[in-house]
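Architecture at a glance
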Amino acid sequence: MAHGSGMNRTRRAWARAALALMASTCGARGWAQLPAEPPAVEQLPSKPTPHWVWVNDTSFFAYPDGRAFLVDGDSGKMLGMLSTGFSFNGVLVPKAGGVIYSPEIYFSRGTRGTRTDVVTIYDATRLEPVGEIEIPPKRASILPMAGAQALTDDERFLLIYNFTPAQSVTVVDMRSRKFVGEIEAAGCALVYPTGPRSFFSICGDGALLVTTLTDAGTLARHVRTAAFIDVVKDPVTEKGVRWRDTWLFASFEGVLHPLRATAAGVEAEPTWPLFTQQELAQHWRTGGLNHLAVHGGSGRLFSIVHQGGPETREELGEEVWVYDVASRKKAQTIAMRNKVGSIQVSQDDHPLLFACAMEANRLDIYDVTSGRYLRTVEPLGQTPALLVTP
């Protein structure tokens, strides 16, 4: 016992010595104070290049933490990021420049509590919020797609699709930065602009609901068209793209439906097939999440395709087929380095094709003219889904 007590006293003495040494080293005189470094803030150029692309990530594995990544397609570098809240769909980039719009959802307790929906306005060079417009907490939480939100052709009004499950459209005046009102759209979904004061929604029976706004952004009139498709025999996907005054939608069986905006409303133009009979016999189909893109200057339509059965319309694709809209003929095939579910094309004279999939956190970039694979940007977020070019 005496021997053990002596050992304990020795250990306590060592401990006191160690504490004294630490105090002398880390005390006020011994602590080295590093000067505070000011944060480094870089700005983006005031004018985006045609090969920039916003990669919108709904963050399925961290749903309250949606993000938008800005990538330079030429260098493959990420230029910036926005934190965009719960059930994120995507940003909108006005042609006028200077700002970025982002419809966002937040909860007072992170994943629960009081819900607040806003349209956040970001400075396009600093990527910092400069404004916020509160809107009704009704924005649809759906898979990311362009039709969930859109600007009118003059960029005066922002249209946001609501689903509660009642269907309606929120109208926001981006000039005054105020919520205007809500327009009912019972049985009809999404928003597809057709002019500075008009848009249409697709209804469950295959008809269109064409909406005209007043100059104040309120409802002027609703017109419901006849059905333009047979929703039982061959429905269309809602992932349409716009070429000039015409929206292009692909059906489940690969039939393209052009819907042209006119002074009188929206007219269904003659349909045309994306696949020949031989290609259909080989089971070629469109597929993916956001599977269409269009190059406005050349009139080329890009479509993700794969080989599969009747219920594989959301399968990832191994190729992108390119069509000349005017001649209604396939003009090019671009083999994908990785399977893809969403595509977008830059709108310049030397376009790039951007491709991604929610199943993989990467962005693949191709030269459209040659079809050549250029580079991959990875890792990039969690579940990239919607691509937006300036």
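Residues numbered from 1 in each chain as written. Predicted model: local features only at pLDDT ≥ 70, side-chain atom pairs only at ≥ 80, totals over all residues. Heavy atoms only, no water.

Counting residues in hydrophobic clusters, the biggest one holds 18 residues, and the most contacted among them are Leu190, Tyr192, Phe200, Leu208, Phe249 and Leu259. The set of elements that each furnish at least two residues to this core consists of strand 11 (188-195), strand 12 (198-203), strand 13 (208-213) and strand 16 (246-250). Ranked by residues supplied to this core, first place goes to strand 11 with three residues. Dropping the residues within four chain positions of it, Leu259 is found in contact with Phe200, Leu208, Phe228, Asp245, Thr246, Trp247, Phe249, Val266, Glu267 and Ala268. Listed in part, the 16 residues of the second largest apolar core include Val241, Leu248, Trp284 and Leu292. (Core = buried A, V, L, I, M, F, W, Y, C linked by side-chain atoms within 4.5 Å. Buried < 20%, exposed > 50% of the residue type's maximum accessible area, 1.4 Å probe, protein only. Helix = DSSP H or I, 4+ residues; strand = E, 2+ residues; numbered from the N terminus. Contact = heavy atoms within 4.5 Å.)

Now for the sheet that holds strand 6 (residues 129-135). Spatial ordering of the open sheet is given by 4-5-6, a layout of three strands whose pairing is antiparallel. The open sheet terminates on both sides in strands that have one partner only, identified here as strand 4 (99-107) and strand 6. The mean inter-strand angle of the sheet, taken between neighbouring strand axes irrespective of direction, is 25°. Of the strand pairs in this sheet, strand 4 and strand 5 (residues 115-123) are connected by nine bridges, and their pairing is antiparallel. (Pairing = 2+ DSSP bridges. Axes fitted to C-alpha atoms, helices over the stretch in contact; angles between N-to-C directions.)

A cluster of nonpolar side chains, contributed by Phe60, Phe61 and Leu143, occupies part of the molecular surface with about 330 Å² of accessible area. You can see Leu143 is positioned in the loop between strand 6 and strand 7 (149-151). Its relative accessible area of 36% is what places Leu143 among the partly exposed residues. (Patch = residues over 30% accessible without salt bridge, like charges linked within 9 Å, V, L, I, M, F, W, Y side chains within 5 Å. Areas by Shrake-Rupley, 256 points an atom, 1.4 Å probe, with all protein chains shown as cover. Salt bridge = Lys/Arg side-chain N within 4 Å of Asp/Glu carboxyl O.)

Further remarks concern the sheet that holds strand 26 (residues 352-357). With antiparallel pairing, the four strands of this open sheet are ordered in space as 25-26-27-28. Looking at strand neighbours, the two that pair on one side only are strand 25 (342-345) and strand 28 (373-377), the edges of this open sheet. On average, adjacent strands in this sheet sit at an angle of 20° to one another, irrespective of strand direction. Summarising the sheet, strand 25 and strand 26 pair through four bridges and their orientation is antiparallel. Bridge pairing in strand 26 places Val345 opposite Leu353.

Right, let's talk about the environment of Tyr106 for a bit. Here Tyr106 lies in strand 4. Here Tyr106 falls in the partly exposed class, since its relative accessible area comes to 33%. For the pair Tyr106 and Ala226, spaced 120 residues apart in sequence, the C-alpha to C-alpha distance is 39 Å. Among all residues touching Tyr106, those that are not within four sequence positions of it are Ser83, Thr84, Gly85, Thr114, Arg115, Thr116 and Val118. Within polar-contact distance, the side chain of Tyr106 engages the side chain of Glu104 at 2.6 Å. (Polar contact = N/O pair within 3.5 Å; in protein donor to acceptor, adjacent residues only side chain to side chain.)

According to the stated counting rule, one finds 17 salt bridges in the structure shown. Linking Lys330 and Glu279 is a salt bridge whose minimum nitrogen-to-oxygen distance equals 3.3 Å. With Lys330 in strand 24 (residues 329-340) and Glu279 in helix 2 (residues 277-281), this pair connects stretches of sequence that are 51 residues apart. A residue is classified by how much of its surface remains accessible, and Lys330, at 38% relative accessible area, is partly exposed. According to the relative accessible area criterion, Glu279 is buried, its value standing at 13%. As a salt-bridge pair, Arg313 and Glu311 come within 2.9 Å of each other at their nearest N and O atoms. Overlapping salt bridges bring together Asp123, Arg126 and Glu128 as one network.

Below, the discussion takes up empty space enclosed by the protein. Enumeration according to the criterion identifies one cavity of 30 Å³ or more in this entry. A volume near 30 Å³ is recorded for the largest cavity. In terms of lining, the largest cavity is formed by Lys339, Val340, Ala355, Cys356, Ala357, Ala360, Arg362 and Asp364. In terms of residue class, the lining of the largest cavity is made up of five nonpolar, no polar and three charged. (1 Å grid on protein atoms, 1.4 Å probe; cavity = no way out; pocket = protein on both sides within 12 Å on 5 of 7 lines; lining within 4 Å. Points joined across faces, edges and corners; volume = space filled by probe spheres on them. Nonpolar A, V, L, I, M, F, W, Y, C, P; charged D, E, K, R; others polar.)

Moving on to the domain arrangement of the protein. Domains assigned within the protein are domain 1 (1-36) and domain 2 (52-388). Relative to domain 2, the C-alpha centre of domain 1 lies at a distance of 65 Å. (Domains from an automatic or database assignment.)

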